[in-house]
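# Notes for the structure review
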Amino acid sequence: MSTNYSNEPLLDMYIFETEQLLGQLEQLILDSEKTDGFSREAIDEIFRIMHTIKGSSAMMMFNGVSNLAHCMEDLFYCLRDGKYESIDSSYISDMVFEGIDFIKEEITKIKNGDTTEGDPLIIIKKINTHIKELKGDVSAVSDHQKEAGAENLQKASQSENSQYYPKYAYKAVLHFEDGCEMENIRAFSVVHNLKDITSELTHFPEDLLNNECSEDIKKNGFQILFRSDLRYDRIQEVLLQTIFLRKLELTELESEEFNKPGNIKKPDHNNPAEKQEAPKTPKIKTQKESQLSSSHQNILSVDVLKLDKLMDLVGEMVIAEAMVIQNPDLDGLELNNFQKAAQRLDKITKEIQDMVMSIRMVSLAATFQKMNRIVRDMCKKLDKEAKLVITGEETEVDKNIIEHISDPLMHLVRNAVDHGIESAQEREASGKSGCGTIMLEAKSAGRDVLITVRDDGKGLRKEEILRKAKEKGLLYKSESDMTDREIYNLVLLPGFSTKDDITEYSGRGVGMDVVAKNIETIGGSVLVDSTPNSGTTITLKIPLTLAIIDGMNIKVGKTVFTLPTISIMESFRPKEGETFTDPEGNEMIMVRGNCYPILRLHQYYNIATDITDFTDGIVIMVEHDDKTLCIFADDLLGQQQIVVKSLPKYIRDFKKIKGLAGCTLLGDGSISLILDIGGLVYG
Amino acid sequence: MSRILIVDDAAFMRTTIKMALEKAGHVIVGEAENGMEGLSQYIKLKPDLVTLDITMPVMNGIDALKAIRKYDNNAKVLMVSAMGQEGIVREAVLSGAKTFIVKPFSSEKLIQTVEKILSA
């Protein structure tokens, strides 16, 4: 098919577009379910989507997908007629979802370079049966209409049959090229073109609207008999203009010959004029009124890999800039012009960085919309009622981060339906409305995005959590010391699961801790809160972006560390007597009446330094999830934008050094380790 | 070499058609995502030929065809259809489409068809 030019970019585009269309389709169906049935606009739009997928897939020779899309298109073509009163829209939705899932699977296979051997036959059969059922409903009506239409036409053509006979009579047999498709319509187009210059035109096959006659035309050619005032060569010229024409046999007939039967092979009807004009045309209406249609936008789709590369390059540029401006060779020099130029460079670099960041920002809408389907499917399976309310889906986060939160979110929403929302009876018994609500909300908060999954279900049971945690040895301090929030957050620990029975969707014991782990890998955190009988709220705090952050460089001995500026509360040099040691030997500091633990970095990482006295060095107070820690270091070196690079694999996996989030390059080319505040606070 | 306008709501189809026709030395003077845009592009660009998809949002191919033909009675329009659209294609023929091509098609077939229309 399209083998003679490279398929790669086309394939990418096919995958991208088809996935987008499937997403739209899913949303349309879900919306339609909410409004109880398919609106005219929705049907048109679904039809159009299936049509596009069918065409593109056929071009790419993914026949399974194409056939299935064709079949679904047929289904909505039927619905489009709007004659059917009893439409089981829930059943149709189920079938379409089944189809969507099949296509999605195929697309995944295509993406992975696997062969697409999936066979949608079962779904196609199901849909076809349903189409037949639908059609069975109205066949009586349409037959009637057909008859009426034919009658009218007969009358019309009879009145047109005038007394005047043109001079010449012709017989033509047209053969079309192999594989030109829709031979019947091509034949129809020939008849249409001859209409104005001929009269008494008859043809075989007669019923050109019947698609099965294409086979006849392929085999025997398309035969036409007509009269005209035009000469042989003119007629031939007109007929030869037919596109996809392989062979033309045109013969002039004597006038008497014209009326002989037998001129056309197998003419089984005496009044061919009856069907010359087709009675009905299935019309498609304009979609001007459709609000669902996509508007034109000046948007370019770019390969994410290229953006990643660009991001890397900008990162390198930030480092290179620092290398130039903070070059040790410049130390002690008075360079006014250089400083001015350097400032300008700095400004532009920051602007480029912001721009590249903003390119990578993607709205959460698509990720959030996916959850609709999950809630719907689970409610059906578990026989519960719940609706998903989405707010703030326009909030944007870095593309890489979206990929990391999609799975955890899915898990949280599943949990909410499975464990949070009660059955309708239980809900009504406790005075709530039968239909549960799950709120999915996103909002920006400084350099973070907060994503909240809130259900109005039964809430977490504190005693149960404590009992479980004790049983599994997960308690890290005494029960009485723990706040409610700390207790709820126990469910995030590895190996914790409150539900004994396992359902298809959640509760396999690898639940919340995986969510927490996933979110932590992108520098975020998870908070659990709950009120008995009124629901559970889980908040994901996620950084807007990963790659470039503001960092504070600090020195311990000869080693340089970098702290994310965002987590620094304050830094100060302690006075004599502010520090003390608690009975367990932990060093603490008293700041404005509160006690905070001190972490000596030189001890923690075993670094040789002369500064071991608190009064000689500096204390940096950092915060993570409402927990505060004071880090003791030799000195502050200054603030700069840093590009976060992950630690080499062997350091991460084999050395397992605690409290490191990554590393970065400094202006002088040396390496600085980025401290993981979360790790230090909980370590 | 002819100046061609491609009207199709699927970027994939536009690219496929574009690649094939450009290979044959034609110039794609414009692309449009729906009939409405196609019509305004046609008026602006006056291409030698338009490839027109049938099923599109905002304004479908048939309405666009009618509008284009109303504006320019000699417009050369190649309808791009898919199997199962016989009825609509028939309407397109009645409304003055030069011919139609059925998806899936090879690039050779497309080029051949386009050249036939142009030479007619």
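Our subject is the structure listed above.
Below is a summary of the structure that appears in this document. Source: prediction; values computed, not measured.

## Here's the deal with the pattern of salt bridges
All names here are of chain A. Inspection of every chain in the model, using the stated rule, returns 38 salt bridges over all chains. Salt-bridge contacts for Arg373 lead to Glu26; the nearest nitrogen and oxygen are separated by 2.6 Å. Taken together, the residues span a long stretch of sequence, with Arg373 in helix 12 (residues 365–382) and Glu26 in helix 1 (residues 8–34) at a distance of 347 residues. Judged by relative accessible area, Glu26 falls into the buried class, the value being 7%. Of the charged contacts in the structure, one is a salt bridge between Lys380 and Asp94, with a shortest N-O distance of 3.2 Å. With Lys380 in helix 12 and Asp94 in helix 4 (residues 89–111), this residue pair connects regions lying 286 residues apart in the sequence. On the basis of relative accessible area, Lys380 is assigned to the partly exposed category, the value being 44%. Judged by its relative accessible area of 29%, Asp94 is partly exposed. Within the structure, one salt-bridge network assembled from shared partners comprises Glu26, Glu33, Asp94, Asp101, Lys104, Arg373, Arg376, Asp377 and Lys380.

## Things to note about the sheet that holds strand 19 (residues 627–633) of chain A
Residue and element names in this part refer to chain A. The six strands lie next to each other as 14-18-19-17-16-15, forming an open sheet whose pairing is mixed. In this open sheet, the two edge strands, each paired with only one partner strand, are strand 14 (568–572) and strand 15 (579–581). With strand direction ignored, the average angle separating the axes of adjacent strands in the sheet is 35°. Bridge analysis of strand 14 against strand 18 (residues 618–624) gives four bridges, and the strand direction is antiparallel. When the bridges of strand 18 are listed, Ser571 appears paired with Ile620.

## Describing the pairing of strand 10 (residues 525–531) of chain A
For a regular strand, side chains alternate in direction, first toward one face of the sheet and then toward the other. Residue and element names in this part refer to chain A. One ladder, built from seven bridges, connects strand 10 with strand 11 (residues 535–543); its direction is antiparallel. Bridging across to strand 11, Val526 finds its partner in Leu540. Between the antiparallel neighbours strand 10 and strand 11 lie three residues, among them Asn533 with a positive phi of about 65°.

## Notes on the interface of chain B and chain A
Taken together, the contact pairs 48 residues of chain B with 48 residues of chain A. Contact with chain A buries surface across chain B, with B:Phe12, B:Glu86 and B:Arg90 losing the most and accounting together for 17% of the total. For the interface between chain B and chain A, the tally reads two salt bridges. A salt bridge links A:Glu177 to B:Lys116; the nearest nitrogen and oxygen atoms lie 3.2 Å apart. Every element with two or more residues in the side of chain B that touches chain A is listed here: helix 1 (11–23), strand 4 (77–82), helix 4 (86–94), strand 5 (99–103) and helix 5 (107–119) of chain B. Looking at the side of chain B that touches chain A residue by residue, the classes come out as 23 nonpolar, 13 polar and 12 charged.

## Re unusual backbone geometry
Of note, the amide linkage connecting A:Phe204 to A:Pro205 takes the cis form, showing an omega dihedral of -5°. You can see A:Pro205 is positioned in the loop between strand 2 (198–204) and helix 7 (213–220). Here the bond from B:Lys103 into B:Pro104 is cis, since omega is 0°, no more than 30 degrees from zero. Following the sequence through the fold, B:Pro104 ends up in the loop between strand 5 and helix 5. Positive phi, normally seen in glycine, also occurs at A:Phe244, with a value near 70°. Here A:Phe244 falls in the buried class, since its relative accessible area comes to 2%. Its identity as a non-glycine residue notwithstanding, A:Asn606 has a phi of 55°, on the positive side. The residue A:Asn606 is located in the loop between helix 18 (601–604) and strand 18 in this model.

## A word on the sheet that holds strand 21 (residues 660–665) of chain A
All names here are of chain A. Reading across the sheet, the five strands line up as 20-12-13-22-21 and stay open at both edges, with mixed pairing between neighbours. Two strands lie at the open edges of the sheet, namely strand 20 (635–643) and strand 21, each paired on one side alone. In this sheet, neighbouring strand axes are inclined to one another by 35° on average, regardless of whether the strands run parallel or antiparallel. Summarising the sheet, strand 12 (residues 548–556) and strand 13 (residues 559–564) pair through six bridges and their orientation is antiparallel. What sits directly across from Lys555, in strand 13, is Val560.

## Some thoughts on the packing of aromatic side chains
For the structure on display, the rule yields 11 aromatic pairs over all chains. Ring plane angle 40° and centroid distance 5.3 Å describe the contact between A:Tyr14 and A:Phe62, whose orientation is recorded as tilted. Note that A:Tyr14 is positioned in helix 1 and A:Phe62 in the loop between helix 2 (40–59) and helix 3 (63–81), a separation of 48 residues in sequence. An identical accessibility class is assigned to A:Tyr14 and A:Phe62; each is buried. A centroid spacing of 5.7 Å and a plane angle of 65° characterise the contact between A:Tyr14 and B:Phe12, whose relative ring orientation is edge-to-face. Here B:Phe12 lies in helix 1 and A:Tyr14 lies in helix 1, a pairing that spans two chains. When sorted by exposure, A:Tyr14 lands in the same class as B:Phe12, which is buried. Taken together, A:Tyr168, A:Tyr170, A:Phe226 and A:Tyr232 form an aromatic cluster joined through their ring pairs. The ring of B:Phe100 is capped by A:Arg186, whose NZ or CZ atom sits 3.8 Å from the centre of that ring. Taking the ring centre of A:Phe614 as reference, the NZ or CZ of A:Arg600 above it sits at 4.3 Å.

Definitions and limits used
- Residues numbered from 1 in each chain as written.
- Chains lettered and ligands numbered in written order.
- Predicted model: local features only at pLDDT ≥ 70, side-chain atom pairs only at ≥ 80, totals over all residues.
- Heavy atoms only, no water.
- Salt bridge = Lys/Arg side-chain N within 4 Å of Asp/Glu carboxyl O.
- Helix = DSSP H or I, 4+ residues; strand = E, 2+ residues; numbered from the N terminus.
- Buried < 20%, exposed > 50% of the residue type's maximum accessible area, 1.4 Å probe, protein only.
- Pairing = 2+ DSSP bridges.
- Axes fitted to C-alpha atoms, helices over the stretch in contact; angles between N-to-C directions.
- Contact = heavy atoms within 4.5 Å.
- Buried area = accessible area lost by both parts, 1.4 Å probe.
- Nonpolar A, V, L, I, M, F, W, Y, C, P; charged D, E, K, R; others polar.
- Phe/Tyr/Trp six-rings, centres within 6.5 Å; stacked < 30°, edge-to-face > 60°.
- Lys NZ or Arg CZ within 6 Å of the ring centre and 35° of its normal.

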